[in-house]
Amino acid sequence: MILIIGAGGQVGQELTANLREKHGRDKVVASDIREIEGLDAPFEKLDAMDGSRLREIVDKYGVKEVYHLAALLSATAEKQIKFAWELNMQSLFHVLELAKEKVIDKIFWPSSIAVFGPTTPKQNTPQETVTEPTTVYGISKLAGERWCEYYAKKFGVDVRSIRYPGLIGYKTMPGGGTTDYAVDIYHQALENGSYECFLEEGTYLPMMYMEDAIRATIELMEAAPEKIKVRSSYNLSAISFSPKEVAESIQREIPDFTISYAPDFRQKIAESWPQSINDSKAREDWNWKENYNLDKMSSDMLLHLKAQKGLK
Ligand code: SER
């Protein structure tokens, strides 16, 4: 039995749908802090900081595998420092403890490119390098990575993790991230023909199409344990682009689309992160390979969003 914590989020909704298709709906319990429209049963309300409620759900369903996706993202965490730290850390501890006690067998927990900071090499950022994050979110993800590796080495916990880049999909909206512009821009392009970006035009960030990210997550979780040599979190990359480049890619399909720039506090966060990621370890250890480049992603995004919005 699989439990998804944070099943109502950007990744959670897609992962829940995907795992249910694969294993059957009744084999995947969705949970979130609030009821989520469109999420079928089995569903349980769960505050990820409530360890005893988590245990209750795990016992009730005989859960063996947990995808723990609940977190405050980079932009929101800057505004709720203490809460972000408590949520992102406590919830991870609860899940790690369940695995240490052998109640559950396997954990997926996402980390992020936010573990890197201004002192990290910006291009082709290696798996092992300087990690001096300057955001609350990044600090919590880096600490989480250290704890994952600690529990893996010390207690044999089978925890697996990916440093997600910015994730872009048409099925769900992100919330509170610095890379979220790259989702919103497609919606605005179709609805208004223009977009005001909160990052500057030349701000390169590592990104990935959601379909690739979900496939990577499932491939990592299905790989034989001995193949998983990194127990902190794997670098993972697909595409790097700037707001200007994604706008140009949209203009190839919607020639009249225009973009303007009004950078806010998120610009500084973006500037502290790498521009491109070296993910050779993921490629070597469990054969990771992306399917989508920028233009392929743009076409697919626009195709599906047009249908969703009833546009031709
Ligand atoms: N997409 C995330 C954010 O912007 C990074 O992990 O917060």
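Our structure is the block above this text.
The structure displayed is predicted, hence computed values, not measured ones. Counting starts from 1 at the beginning of each chain's written sequence and moves along it residue by residue. At least 70 in pLDDT is required for a residue's local features to be given in this predicted model, at least 80 for side-chain atom pairs to be given and counted, and no such filter applies to totals for whole chains, interfaces and linings, which use all residues. Excluding hydrogens and water, the side-chain figures rest on all heavy atoms present in the structure.

*Asks:* Would you take a moment to explain the pattern of salt bridges for this structure?
*Replies:* Pairing between side chains becomes possible if they bear opposite charge and their charged atoms approach one another. Criterion for a salt bridge: a side-chain nitrogen of Lys or Arg within 4 Å of a carboxyl oxygen of Asp or Glu. Counted by the stated rule, this structure contains 20 salt bridges. Where Arg53 meets Glu56, a salt bridge forms, and the shortest distance between an N and an O atom there is 2.9 Å. Of this pair, Arg53 and Glu56 both sit in helix 2 (residues 51-61), separated by three residues, roughly a single helical turn. For every residue, the accessible area (1.4 Å probe, protein chains only) is compared with the maximum for its type, and the residue is labelled buried under 20%, exposed over 50%, or partly exposed between those bounds. Residue classification places Arg53 among the partly exposed positions, given a relative accessible area of 21%. One network of salt bridges, with partners in common, ties together Glu44, Arg53, Glu56 and Lys60. In this description a helix means any DSSP run of H or I spanning at least four residues, a strand means any run of E spanning at least two, and both kinds are numbered starting from the N terminus.

*Asks:* Teacher, can you tell me more about the sheet that holds strand 9 (residues 166-168) here?
*Replies:* Paired through backbone hydrogen bonds, the strands of a sheet run either parallel or antiparallel to each other. Read from one edge to the other, the open sheet built from three strands follows the order 9-11-13, with strand pairing classed as mixed. The sheet is open, and its two borders are formed by strand 9 and strand 13 (239-241), each paired with just one other strand. Going from strand to strand, the sheet's axes swing by 40 degrees on average, the running direction of each strand aside. By definition, two strands form a pair when at least two bridges between them are found by DSSP. Pairing of strand 11 (residues 205-209) with strand 13, which is carried by three bridges, proceeds in the antiparallel orientation. The partner of Pro206 across the bridge, within strand 13, is Ser240. In this fold helix 6 (residues 181-191) packs onto strand 9, strand 11 and strand 13, with an angle of close to 25 degrees to the strand it touches most, strand 9. All axes are obtained by fitting lines to C-alpha atoms, using only the stretch in contact for helices, and the reported angles, taken between N-to-C directions, cover 0 to 180 degrees. In this analysis, two residues are considered to be in contact whenever any of their non-hydrogen atoms come within 4.5 Å of each other.

*Asks:* Where do I start with the environment of Leu73 in this structure?
*Replies:* Considering the arrangement of structural elements, one finds Leu73 in the loop between strand 4 (65-68) and helix 3 (74-79). Leu73 sits 122 residues away from Tyr195 along the chain, and the two C-alpha atoms are 22 Å apart. Once residues lying within four places of it in the same chain are set aside, the contact partners of Leu73 are Tyr137, Gly175, Gly176 and Gly177.

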